[in-house]
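This is what each chain is made of:
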Amino acid sequence: MPAGFLRWGRITITGAGGFTTRRKDDVERGLGAELVRREHLRMSLNLRYDNGRSDGDSPELAGMGDIKRTVRARLSLRWNVDDNWQFTSGLSVDTLNRVGGVLVDATLVRQWQVAPKTIWRVGVGLTAASDRYMQAWHGVTPEQAARTGYPVFMVPEGL
């Protein structure tokens, strides 16, 4: 994956590669704008390319059809409660109204500095998805079942 990071004031452009910045939580992938930047609070809006999925990606997906590529917009919030606690949340939508649907997530992380260059982090997170997202990525429609032999699996929104 290509990696890179460019920041101009509150605007960032970053690639999907793993070592884009020193800390993964510094930025989100794609084109981003920091809407709010306070000492302990950041809010940003990002656009990123979602590559979708091809039914040729693995033998198990053969006959399932492709999930179309799209552009996702993500509104995110990061609150550094103090030096040890951090809360993040986000709302991501498929801006082209393809099969991507909506995702909402929240994470709470606690960290401990155990040595001068060693930090332990423990976190808990929750992600909720709309029925469109769940059906596209995890469900099997009657048409897909007829092509693949998988049982029909209609998925509602969920966690």
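In case you missed it, the structure is sitting above this.
Reference entry: report on the structure contained in this document. (Residues numbered from 1 in each chain as written. Predicted model: local features only at pLDDT ≥ 70, side-chain atom pairs only at ≥ 80, totals over all residues. Heavy atoms only, no water.)

Notes on the nonpolar core
Line of reasoning, step 1. Ranked by size, the top nonpolar core spans five residues in total: Leu103, Ala129, Tyr133, Met134 and Val155.
Line of reasoning, step 2. Sequence-distant contacts of Tyr133, defined by excluding residues within four places in its chain, comprise Val99, Gly100, Gly101, Val102, Leu103 and His138. (Core = buried A, V, L, I, M, F, W, Y, C linked by side-chain atoms within 4.5 Å. Buried < 20%, exposed > 50% of the residue type's maximum accessible area, 1.4 Å probe, protein only. Contact = heavy atoms within 4.5 Å.)

As for helix H1 (residues 131–138)
Line of reasoning, step 1. Regarding H1, the residues found buried are Tyr133, Met134, Gln135 and Ala136.
Line of reasoning, step 2. Residues of H1 that are buried sit in contact with strand S7 (102–115) and strand S8 (118–129). (Helix = DSSP H or I, 4+ residues; strand = E, 2+ residues; numbered from the N terminus.)

Quick notes on the sheet that holds strand S3 (residues 30–37)
Line of reasoning, step 1. Ordered in space as S1-S2-S3-S4-S5-S6-S7-S8, the eight strands form an open sheet in which the pairing is antiparallel. Each edge of the open sheet is held by one strand with a lone partner, namely strand S1 (5–8) and S8. Going from strand to strand, the sheet's axes swing by 20 degrees on average, the running direction of each strand aside.
Line of reasoning, step 2. Both strand S2 (residues 11–14) and S3 contribute to a ladder of four bridges, which runs antiparallel. Bridging from a neighbouring strand, Thr12 pairs with Gly32 of S3.
Line of reasoning, step 3. In the packing of H1 onto the sheet, contacts are made with strand S4 (41–50), S7 and S8, and the angle to S8 comes to roughly 100 degrees. (Pairing = 2+ DSSP bridges. Axes fitted to C-alpha atoms, helices over the stretch in contact; angles between N-to-C directions.)

Regarding the pairing of strand S6 (residues 85–94)
Line of reasoning, step 1. Because side chains alternate across S6, one face comprises the buried residues Gln86, Thr88, Gly90, Ser92 and Asp94, and the other comprises Trp85, Phe87, Ser89, Leu91 and Val93, none of which is buried.
Line of reasoning, step 2. In textbook terms, the turn of a hairpin is the stretch between consecutive antiparallel strands, and for strand S5 (residues 70–80) and S6 this stretch comprises four residues.
Line of reasoning, step 3. Sheet analysis places S6 next to S7, joined by nine bridges and oriented antiparallel. Residue pairing in the sheet places Ser92 in a bridge with Leu103 of S7.

Regarding the pattern of salt bridges
Line of reasoning, step 1. Tallied over the full model, the rule gives three salt bridges.
Line of reasoning, step 2. Among the salt bridges present, the one from Glu34 reaches Arg37, with a minimum N-O distance of 2.8 Å.
Line of reasoning, step 3. With relative accessibility at 15%, the residue Glu34 sits in the buried group.
Line of reasoning, step 4. For Asp105, the salt bridge identified is with Arg74, shortest N-O distance 2.6 Å. Linking Asp105 in strand S7 with Arg74 in strand S5, this pair joins segments that are 31 residues apart in sequence.
Line of reasoning, step 5. Within the structure, one salt-bridge network assembled from shared partners comprises Glu34, Arg37 and Arg42. (Salt bridge = Lys/Arg side-chain N within 4 Å of Asp/Glu carboxyl O.)

Looking at the environment of Gly30
Line of reasoning, step 1. Mapping Gly30 onto the fold places it in strand S3.
Line of reasoning, step 2. Among the residues examined, Gly30 registers a relative accessible area of 16% and is labelled buried.
Line of reasoning, step 3. In this structure, the C-alpha to C-alpha distance between Gly30 and Tyr150, residues 120 residues apart in sequence, is 35 Å.
Line of reasoning, step 4. Gly30 has contacts with Thr12, Ile13, Thr14, Leu47 and Arg48, leaving out every residue within four places of it along the chain.

A few points about a nonpolar patch on the surface
Line of reasoning, step 1. On the surface, Leu6, Trp8, Ile11, Ile13, Leu31 and Leu47 cluster together into a nonpolar patch covering about 640 Å² of accessible area.
Line of reasoning, step 2. At the level of secondary structure, the elements contributing two or more residues to the nonpolar patch comprise S1 and S2.
Line of reasoning, step 3. Its place among the elements puts Leu31 in strand S3.
Line of reasoning, step 4. Leu31 sits in the partly exposed class, given a relative accessible area of 44%. (Patch = residues over 30% accessible without salt bridge, like charges linked within 9 Å, V, L, I, M, F, W, Y side chains within 5 Å. Areas by Shrake-Rupley, 256 points an atom, 1.4 Å probe, with all protein chains shown as cover.)

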